[in-house]
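Coordinates in review
Okay, here's what each chain looks like letter by letter:
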Amino acid sequence: MADLIEILAAQRDPAERIGVFSESLHAEETEALRELEKHALEKGIPIIRPHTRGLLQCILEMKEPGRILEIGTATGYSALVMYTYAPSPCSIVTIEKDEGRAAEARRNFDTFGAERIELIEGDAAEILPELTGAFDLIFLDAAKGQYIRYLPELIRLLPPGGVLLTDNVLKEGEITASKFAVTRRNRTIHKRMREYLTAISRDERLRTVLLETGDGAAISVKRRGVQ
Ligand code: SAM
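Residues numbered from 1 in each chain as written. Predicted model: local features only at pLDDT ≥ 70, side-chain atom pairs only at ≥ 80, totals over all residues. Heavy atoms only, no water.

Some details on helix 3 (residues 31–42)
- If you check helix 3, its first and last C-alpha atoms are 17 Å apart, about what twelve residues at 1.5 Å a residue would give, namely 16 Å.
- Considered for burial, the residues of helix 3 that qualify are L33, L36, E37 and A40. Buried residues of helix 3 fall within an arc of 100 degrees about the axis and therefore sit on the same side. Across helix 3 from its buried face, at more than 90 degrees, point the exposed residues E31 and E42.
- G44 occupies a position one or two residues after helix 3 and carries a positive phi of about 75 degrees. (Helix = DSSP H or I, 4+ residues; strand = E, 2+ residues; numbered from the N terminus. Expected span 1.5 Å × (residues − 1). Buried < 20%, exposed > 50% of the residue type's maximum accessible area, 1.4 Å probe, protein only. Arc of directions from axis to C-beta.)

Quick look at the nonpolar core
- By size, the foremost hydrophobic cluster in this structure holds 34 residues, and its most contacted members are M82, F109, I117 and L165.
- For this core, the elements supplying multiple residues, two or more each, are helix 3, helix 4 (50–63), helix 5 (77–85), helix 6 (99–112), strand 3 (117–121), strand 4 (137–140), strand 5 (163–167) and strand 7 (217–222).
- Residues I127, L151, L157 and Y196 belong to the second largest nonpolar core, which totals 29 residues. (Core = buried A, V, L, I, M, F, W, Y, C linked by side-chain atoms within 4.5 Å.)

Focus on the environment of A124
- With respect to the helices and strands, A124 occurs in helix 7 (residues 124–127).
- Distance from A124 to R194, taken between C-alpha atoms, is 20 Å for residues 70 residues apart in sequence.

Let's talk about the sheet that holds strand 4
- Read across the sheet, seven strands follow the order 3-2-1-4-5-7-6 without closing on themselves; strand pairing throughout is mixed. Edge positions in the sheet fall to strand 3 and strand 6 (206–211), since each has one partner strand and no second. Neighbour-to-neighbour, the strand axes of the sheet open up by a mean angle of 15 degrees, direction not taken into account.
- Bridging between strand 6 and strand 7 involves six bridges; their strand directions are antiparallel. Bridging across to strand 7, V209 finds its partner in I219. (Pairing = 2+ DSSP bridges. Axes fitted to C-alpha atoms, helices over the stretch in contact; angles between N-to-C directions.)

A word on the site of the ligand
- The immediate surroundings of the ligand are formed by 21 residues, with I48, G72, S78, E96 and D141 found nearest.
- At 2.6 Å from an oxygen atom of the ligand is found a side-chain nitrogen or oxygen belonging to E96.
- Bound to the protein, the ligand loses 92% of the 610 Å² it would expose on its own.
- Looking at the shell around the ligand, the elements that each hand over two or more residues are helix 5 and strand 2 (91–96).
- Residues of the shell around the ligand, tallied by class, amount to ten nonpolar, four polar and seven charged. (Near = heavy atom within 4 Å. Polar contact = N/O pair within 3.5 Å; in protein donor to acceptor, adjacent residues only side chain to side chain. Areas by Shrake-Rupley, 256 points an atom, 1.4 Å probe, with all protein chains shown as cover. Nonpolar A, V, L, I, M, F, W, Y, C, P; charged D, E, K, R; others polar.)

With respect to the pattern of salt bridges
- If you walk through the whole model with that rule in mind, you get twelve salt bridges.
- Of the charged contacts, one joins E29 and R53 as a salt bridge, the two residues approaching to 3.5 Å between their closest N and O atoms. Within this pair, whereas E29 is found in the loop between helix 2 (14–24) and helix 3, its partner R53 is found in helix 4, the two being separated by 24 residues in sequence. Assigned by exposure class, E29 and R53 land together as buried.
- Here E121 ties to R106 by a salt bridge, and the two come within 3.6 Å at their closest N and O atoms. Linking E121 in strand 3 with R106 in helix 6, this pair joins segments that are 15 residues apart in sequence.
- Connected through salt bridges with shared partners, the residues E29, E31, R34, E37, R49 and R53 form a single ionic network. (Salt bridge = Lys/Arg side-chain N within 4 Å of Asp/Glu carboxyl O.)

Encoded structure:
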C-alpha cells in the first residue's frame, strides 16, 4: 500500500493517477490465469489488462451469456477469463488469424479443459459472414483499423439486449487528438477508429457508452424492438 501511495503521489496527471489506482484494485484472477497472463506479457503479446478483465467479469454476471463470440484470441487469455468467470456454462467461439498464436491458444484451451471454446483460425473479415445464430456477448479485441468493417456483421450476430464490448478504443487518448497531431503511420487507424466510434454511438440499433479508463472501452447494447 505504501508503494502504491508513492506511485500515486508521483503521478501529476489525474488521468494517469486514476489509471494506476484502478489497476491496483485488481479484479479477481485464478492462479492458472495469472500464469497465462504472465507468460503472454513476458512474450510481449498484447492481452487484456486488469481493468478490462474486471469489465468482462461484471458484464458476464449482468448478462449471463449462453453464447460468446471473441474476435482476437491471441494465446487464449481473455477467452479463458470469460470461460472461467461466466456464471453458468457458456460456449465461446473465438477467432485468431495468427497461426502460431492460434496453436498456442489451442494448447492452453486443452490444458484448461475448456471443451466449450471453439477456436476458428483465419481472418475475421472472412469468418464473420459465415457465422450463424446469435451471440449474447461479443468481445472485439483485434486489429483496430478493421472494426468499422466488421460492424454490420457484429450487429447482425447480436440478439436484442446483446452486448458488444470493444477494447482499446481510445489508444491512450490519441483518438481524441486532432488528426494533424497523429503521426502519418497512425492516421488511417485514427480515422477508422473515429469512424467506428461514431458509428456505434449513432447507430439507432445500439446504445453505446465510452469508458475512459484503461485504454478506453466501448460498451454497446443492441436495443430491443428496433430492427
Ligand atoms: N483478446 C486477447 C487477450 O486479451 O488474451 C488479445 C488479442 S490481441 C490484442 C489481438 C489479436 O487479434 C492478435 O493475436 C492478432 O493476431 C489478432 N487479429 C488481428 N487481426 C485479425 C483478424 N483480421 N482476424 C483474426 N484475428 C486477428
